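Understanding the architecture of this molecule
The primary structure of each chain is shown beneath.
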Amino acid sequence: ANGDFAGARRVIREMEDARIKPDSASYNCLMGYMVSAGNLVEAWKVLDEMDCKGVQLDHYTVSIMMKAAKKARNPRDASRALAVLDRAGGVKVCEDDVLFNTVLDACIHRQDTERLRKVLETFASSDMKPSVHTYGLLIKAFSTLRQLSRCWQLWREMVETRELVPNSITLSCM
């Protein structure tokens, strides 16, 4: 569809007419384009259509909606985008470094401390080995929650235990 949202919608309809059920990837492409274009109204329509058609939310859907939460000018849109985290029960945010970073970043940006705490609890019980970039976001997250001792604990884990070299992003989070 190359930027042609109406054309992409037609392709979805043609698939359905041919009895080909569009999957989450099909809808995520549409939704991702709409979020990138700043058209959250259309992105919500795509998400609603996924719900109506019983299409499962996946980690791409969550990632796209976290980007929407960051971009949203309207606090209601931001809250609705963040609420996708609560609905995507099958998505394990700690299994994908990029998704985890996107979720952390959105929660920090929107100061959604309740969801941020839940995500950090999930992280604490996971086997995730954070990258340097992820350590920076974790430090920023615990700083947002005013848990400075946890920030220093993560810093020591990163530098002393895992012997990772902080980058400029990680340093700026301290």
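Model, not experiment: these values are computed from the prediction. Every chain begins its residue count from 1, and numbering advances along the sequence as written. The model is predicted, so local features are restricted to residues of pLDDT at least 70 and side-chain atom pairs to those at 80 or more, both for listing and for counting; the totals for chains, interfaces and linings are taken over all residues. Heavy atoms from the whole structure form the basis of all side-chain values; hydrogens and water molecules are not counted.

Considerations on helix H6 (residues 97-109)
Compared with the 18 Å implied by 1.5 Å per residue over 13 residues, the 18 Å span of H6 between its first and last C-alpha is a close match. When accessible area is computed with a 1.4 Å probe and restricted to protein chains, residues below 20% of their type maximum are described as buried, those above 50% as exposed, and intermediate ones as partly exposed. Under the DSSP-based scheme used, a helix requires at least four consecutive residues in state H or I and a strand at least two consecutive residues in state E, with every element numbered from the N terminus. Looking only at H6, the buried set comprises Leu 99, Phe 100, Asn 101, Thr 102, Val 103, Leu 104, Ala 106, Cys 107 and Ile 108. Note on definitions: a residue-residue contact is assigned when non-hydrogen atoms from the two residues lie within 4.5 Å. For H6, the secondary structure elements touched by its buried residues are helix H4 (59-71), helix H5 (75-87), helix H7 (113-124) and helix H8 (132-144). Capping the start of H6 is the job of one residue whose side-chain oxygen sits 2.9 Å from the backbone nitrogen of Val 98: Asp 96. Once H6 finishes, Gln 111 follows within two positions and takes phi at roughly 55°, a positive value. An expected span of 1.5 Å times one less than the residue number is assigned to each helix. Any N or O atom pair separated by 3.5 Å or less is treated as a polar contact, with the protein-specific requirement of one donor-capable and one acceptor-capable atom, and with residues adjacent in sequence counted only for side-chain atom pairs.

A few points about the side chain of Ser 63
Checked against the element boundaries, Ser 63 lands in helix H4. If sequence neighbours within four positions are ignored, Ser 63 has contacts with Leu 99 and Thr 102.

Focus: the layout of surface pockets
The pocket and cavity definitions rest on a 1 Å grid over protein atoms only: a 1.4 Å probe that fits but cannot leave marks a cavity, an open set with protein on both sides within 12 Å along at least five of seven lines marks a pocket, and residues lining either have an atom within 4 Å of a point. Grid points are joined across faces, edges and corners, and a volume is the space filled by probe spheres set on the points. Taken as a whole, the largest pocket holds about 280 Å³ of empty space. When contributions to the lining of the largest pocket are tallied by element, the ones reaching two or more residues are H5 and H7. Among the elements that take part in the lining of the largest pocket, H7 stands out by supplying 4 residues, more than any other. Nonpolar residues are Ala, Val, Leu, Ile, Met, Phe, Trp, Tyr, Cys and Pro. Charged residues are Asp, Glu, Lys and Arg, and all others, Gly as well, are polar. Partitioning the lining of the largest pocket into residue classes produces 7 nonpolar, 2 polar and 5 charged.

Some remarks on the nonpolar core
Ranked by internal contacts, the top residues of the largest apolar core, which has 57 residues, are Val 62, Met 65, Phe 100, Val 103 and Leu 104. What Leu 104 contacts, discounting residues up to four positions off in sequence, is Leu 116, Val 119, Leu 120, Leu 137, Leu 138 and Ala 141. Within this scheme, the nonpolar core is defined by two criteria: the residues are buried Ala, Val, Leu, Ile, Met, Phe, Trp, Tyr or Cys, and they are joined through side-chain atoms within 4.5 Å.

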